[in-house]
Amino acid sequence: GKNEYDLVVVGGGSGGLACAKEAAQFGKKVAVLDYVEPSPQGTKWGLGGTCVNVGCIPKKLMHQAALLGGALKDAQHYGWNIAQPVHHTWSVMAQAVQNYVKSLNWGHRVQLQDKKVKYFNMKGSFSDPNTIRGLTQAGKETTITAENIVIATGGRPKYPAHVAGAREHGITSDDLFWLKESPGKTLGSAFLDVSLECAGFLTGIGLDSTVMMRTIPLRGFDQQMATLVTEHMESYGTKFLKRCFPTKVEKLKNNRLQVTWKNTDLGTEETDSFDTVMWAVGRAPDTETLSLERVGVKTNSETGKIIVDASEATSVPHIYAIGDITEGRPELTPTAIAAGKLLAQRLFGQSSVLMDYDNVPTTVFTPLEYGCVGLSEEAAVQCYGSDNIEVYHAYYKPLEFTVAERDATQCYMKMVCLREREQRILGLHFIGPNAGEVIQGFALGIKCGATYPQLMTTIGIHPTCAEEITKLHITKRSGLDATVTGC
Amino acid sequence: QEAAKYNKKVMVLDFVKPTPLGSSWGLGGTCVNVGCIPKKLMHQAALLGQALEDSRKFGWQLTEEVKHNWLTMTESVQNYIGSLNWGYRVALREKSVAYENAYGEFVGPHTVKATNKRGAEKLYTAERFLIATGERPRYLGIPGDKEYCISSDDLFSLPYCPGKTLVVGASYVALECAGFLAGLGLDVTVMVRSILLRGFDQDMANKIGDYMEGHGISFIRQFVPIKVEQIEEGTPGRLKVTAKSTNGSETIEGEYNTVLLAIGRDACTRTIGLDKVGVKINEKTGKIPVNDEEQTNVPHVYAIGDILEDKLELTPVAIQAGRLLVQRLYAGATRKCDYVNVPTTVFTPLEYGACGYSEEAAAETFGEENIEVYHSNFWPLEWTVPGRDNNKCYAKVICNLQDNERVIGFHVLGPNAGEITQGFAAAMKCGLTKEQLDTTIGIHPVCAEIFTTLTVTKRSGASILQAGC
């Protein structure tokens, strides 16, 4: 028989919604299934996926709240008469953020309606390669048949495996943004960017915040930059327990949490009590309840993520996967959105353009932000050899920090280039305010094959932080002082 | 400083003629003392005022209205500038560049006379000369202007709060100053003769004006002041301004504490003895025409910066031109300053970053049918929680349809416009096309990413009003 839908998307997040809406533009009959399994603590949310509900959006808003705390301190130097210190109320912020997120949930539902995409608030699983079984919260079943199926169910935070009490007493990013009351004194365990971002804004709004790391921060990122980021956080007030890992979490009589951990440097066991323990040890792909084995969609045995080719096709014809659930792809909203749109264009719009996952820019929204695109220095060295790369770098001071008497020790940038004549840029790294705004345009330049000389012929905009990128001229190799001087 | 690197014997003469009201400053020029630096710092002070308001919505407990103290700000700003003046003197000394705080003028083909503030004169000879005397604010030439009005030369060191201010002019200086004064809580009116930001993309200029008006700045359009009288002395005093309409005979009067003139700048070329060395200037504008190697009509005399005819009046352009000139003169380099696609930013309350053609210049140069304009509104995530200014920020790129949809104009209206624009300017230097824009992944969630998802063209007339994430 004929399939009901041209396309069914399982997962209403960044990738899924983008794909569905794009397909609908071609006049296709499209449906989206979205369902949020409550977290172990019972948190759930509406349509839109991780980014909107428990990722980028609430994270950046809370980061902004923390930055505003800094602005309040700066403002005094600039002549504003504010009685210091100013205190922060978690519930006011949380409610404002949650209200905004809910408006986005609503906005997505309206958009789907406008574009005539059918929306099912149901948990989807495969019955056969062209059939999805949808299950509502109440247990009601619906069968949906489709010509093409896109899996975009994303991931959920993992809990540490060998820590007693981790699941019962700890929260994750799934819960943090929806807390009605302040998390209080918080321990964040991890090495991921999200844990540093959260620890950062918690410190910024005045909470006692500690990060516990077993090994290195920001694994996968340029390590010199990662170190500068954490150094700044330390001077900013976040505490770090380095080379430690938790062994158990227990609830105390006063409802606080007692955490026990091993310090691998000293070989000792230590404990302390916290109001909240937040795990950010990685994300697991949300594939368990999809019944992928029933249709033969192959996953990576180690990560559990769905294996796809360059066209986002899985091992089963007419079944595709995009976003965080796919193996080897960056876990970023904009790549999921772009992949979803391009997939729809290939399926229904006679396009053959594939997604380019190279040189994807990204930003870590720690108190001092870190934006980057391209290769880290270590990756470049590994790829080309240290003799064949040139690294230009500079320590600079944002103009706005001068009057505010802010410490700019970790404000730093570096450009990794090939050393041979053309000096193509392999990677650009920037730590400072508004790092994302700074890096975006340069990411474009790198896509155009920008070379160091081309960047040097670009005139700077004065006074900005970004202009320092066009003035980079001290190499690491020279050993000269890389501090920017002068106007 | 660049010339000294090549072991050349170099001298710098710098002198600041006090303003009519007596303001003066140290080494460093306009940018450092009465331009970019203090402007951006005061703009930042105003932005922080807005941040205070926003912070309440983000949970910060600010119960009462917060007031601003002009003197606290000005003192901090002036202290920082003083450190820069000092830094320059140290740098010149370290590089063995001779420096004289004296007014320089040519007395012969290879001789300048330097007069210090006490009137003592010295003569110096040189093989080559570089004129980089910049400009000073223009006055209206009406009764009371020099006696009672201030300019940007006075504003940044004003020892009292300017109070209720009338800003005369529609230049970026006028709008930036009006913008931050209003942001600090002052009552500000801008008197404009005709259009805003002449020379800039007018679509963007009007959006900037609309935003300022929407945020409490009054605009009086198509009027020019004809007389400024003092009603009361003081710091500030009270001034009465009489203005005449530019179309018709209507006159209006207004009372202000301060009148800030920002109607343009005049090159400092008329009293430096250029006739003695034979350097030709444009008699009307006072600017010096140069070839593409910054050389005047006299082979051993060069000129850079704001005084150049038909060049951009920007600090980074002047710096780049100066460095490259010296490298050509003394290091055998051949590279010339590239004046194409120079990015700029206007630091009005809603900042405006631009690189390349304005829409009107593009239409004129390439033909309207040969350009495609993609545009969109956007709402910075940081403004959602405070619930302000939706659909005010704006992004626009102008593409050349006859050249692979090459991006020939980039325009952004929004926070951190300078930080955003810089990278795009670099990309445009690399020949950025619309397709490359579309295939570049955005960073989420930031304002700049809007440029990677532009789909609506002006030609289509489709709506660009924004909804959600």
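Residues numbered from 1 in each chain as written. Chains lettered and ligands numbered in written order. Predicted model: local features only at pLDDT ≥ 70, side-chain atom pairs only at ≥ 80, totals over all residues. Heavy atoms only, no water.

- The name given to chain B in an unreviewed UniProt entry is Thioredoxin reductase 1, cytoplasmic, with Rhinopomastus cyanomelas as the source organism.
- A UniProt comment under Function (unreviewed entry) is attached to chain B, and it reads "Reduces disulfideprotein thioredoxin (Trx) to its dithiol-containing form. Homodimeric flavoprotein involved in the regulation of cellular redox reactions, growth and differentiation. Contains a selenocysteine residue at the C-terminal active site that is essential for catalysis. Also has reductase activity on hydrogen peroxide (H2O2)."
- According to the UniProt record, the Sequence similarities (unreviewed entry) comment for chain B is "Belongs to the class-I pyridine nucleotide-disulfide oxidoreductase family." (UniProt positions renumbered as here; feature names shortened; annotations may be inferred.)

- An unreviewed UniProt entry lists chain A under the name thioredoxin-disulfide reductase (NADPH), with Rhinopomastus cyanomelas as the source organism.
- According to the UniProt record, the Sequence similarities (unreviewed entry) comment for chain A reads "Belongs to the class-I pyridine nucleotide-disulfide oxidoreductase family."

Things to note about the nonpolar core
- One finds Met415(A), Ile469(A) and Phe451(B) to be the most contacted residues of the largest nonpolar core, which totals 186 residues.
- Sequence-distant contacts of Met415(A), defined by excluding residues within four places in its chain, comprise Glu390(A), Val391(A), Tyr392(A), Ile425(A), Gly427(A), Leu428(A), Tyr452(A), Leu455(A), Ile469(A) and Leu472(A).
- Within the second largest apolar cluster, 26 residues are counted, among which are Ala23(A), Ile322(A), Ala339(A) and Met355(A). (Core = buried A, V, L, I, M, F, W, Y, C linked by side-chain atoms within 4.5 Å. Buried < 20%, exposed > 50% of the residue type's maximum accessible area, 1.4 Å probe, protein only. Contact = heavy atoms within 4.5 Å.)

Considering the domain arrangement of chain A
All names here are of chain A.
- Each assigned domain of chain A is listed with its residue range as follows: domain 1 (5-157 + 284-349), domain 2 (158-281) and domain 3 (368-478).
- Here domain 2 and domain 3 have C-alpha centroids that lie 31 Å from each other.
- Facing the ten residues of domain 2 at the interface are 13 residues of domain 3.
- Counting across the domain 2 and domain 3 interface gives one salt bridge.
- Our count for the contact surface shared by domain 2 and domain 3 stands at six residue pairs in polar contact (both at pLDDT 80 or more). (Domains from an automatic or database assignment. Salt bridge = Lys/Arg side-chain N within 4 Å of Asp/Glu carboxyl O. Polar contact = N/O pair within 3.5 Å; in protein donor to acceptor, adjacent residues only side chain to side chain.)

Here's the deal with helix α3 (residues 56-77) of chain A
Residue and element names in this part refer to chain A.
- Over its 22 residues, α3 extends 32 Å from the first C-alpha to the last, a length consistent with the 32 Å expected when each residue adds 1.5 Å.
- Within α3, 18 of the 22 residues are buried, which leaves it mostly tucked inside the rest of the structure.
- Two residues or fewer after α3 comes Gly 79, characterised by a positive phi angle close to 105 degrees. (Helix = DSSP H or I, 4+ residues; strand = E, 2+ residues; numbered from the N terminus. Expected span 1.5 Å × (residues − 1).)

A short note on the domain arrangement of chain B
Residues and elements named next belong to chain B.
- For chain B, the assigned domains read domain 1 (2-135 + 266-331), domain 2 (138-263) and domain 3 (351-459).
- On a C-alpha basis, the centroid separation for the pair domain 1 and domain 3 is 32 Å.
- Listed per partner, the contact involves six residues of domain 1 and five residues of domain 3.
- Between domain 1 and domain 3, a total of about 530 Å² is buried, with carbon and sulfur atoms accounting for 53% of that surface.
- When residues of domain 1 are sorted by the area they lose upon contact with domain 3, Asp 54, Lys 57 and Phe 58 head the list and together hold 66% of the total.
- Our enumeration of links across domain 1 and domain 3 arrives at one salt bridge.
- Taking the shortest distance from any N to any O, the salt bridge between Asp 54 and Arg 388 comes out at 2.8 Å.
- At the junction of domain 1 and domain 3, the tally comes to two residue pairs in polar contact (both at pLDDT 80 or more).
- A per-class count over the side of domain 1 that touches domain 3 returns two nonpolar, two polar and two charged. (Buried area = accessible area lost by both parts, 1.4 Å probe. Nonpolar A, V, L, I, M, F, W, Y, C, P; charged D, E, K, R; others polar.)

Description of empty space enclosed by the protein
Residues and elements named next belong to chain A.
- Counted according to the given criterion, the structure contains three cavities of 30 Å³ or more.
- The space that makes up the largest cavity amounts to roughly 50 Å³.
- Listing elements by their share of the lining of the largest cavity, those giving two or more residues are β8 (186-190), α7 (193-204) and β9 (209-213).
- By residue number, the principal contributor to the lining of the largest cavity is α7, which donates four residues. (1 Å grid on protein atoms, 1.4 Å probe; cavity = no way out; pocket = protein on both sides within 12 Å on 5 of 7 lines; lining within 4 Å. Points joined across faces, edges and corners; volume = space filled by probe spheres on them.)

Here we look at the interface of chain B and chain A
- Contacts between chain B and chain A engage 80 residues on the former and 81 residues on the latter.
- Of the roughly 7,100 Å² buried where chain B meets chain A, counting both sides, 71% is carbon and sulfur surface.
- Broken down residue by residue, the surface that chain B buries against chain A is led by Trp60(B), Glu419(B) and Ile441(B), which jointly contribute 12%.
- The tally of links from chain B across to chain A stands at two salt bridges.
- A salt bridge links Glu382(B) to Lys60(A), with the shortest nitrogen-to-oxygen separation between them at 2.6 Å.
- Between chain B and chain A we count 25 residue pairs in polar contact (both at pLDDT 80 or more) in total.
- Among the secondary structure elements, those contributing two or more residues to the side of chain B that touches chain A are α2 (29-34), α3 (36-57), α4 (70-94), α10 (315-330), β18 (344-346), α12 (417-429) and α13 (434-439) of chain B.
- Counting residues per element, the side of chain B that touches chain A draws most heavily on α3(B), at 14 residues.
- Residues belonging to the side of chain B that touches chain A are distributed by class as follows: 42 nonpolar, 27 polar and eleven charged.

So, the pairing of strand β14 (residues 276-280) of chain A
Residues and elements named next belong to chain A.
- Burial of β14 is extensive: five of the five residues sit out of reach of the surface.
- Of the two faces of β14, the one holding Thr 276, Met 278 and Ala 280 and the one holding Val 277 and Trp 279 are both buried throughout.
- As paired elements, β8 and β14 share five bridges and run parallel to each other. Counterpart to Leu 187 in the pairing with β14 is Val 277. (Pairing = 2+ DSSP bridges.)

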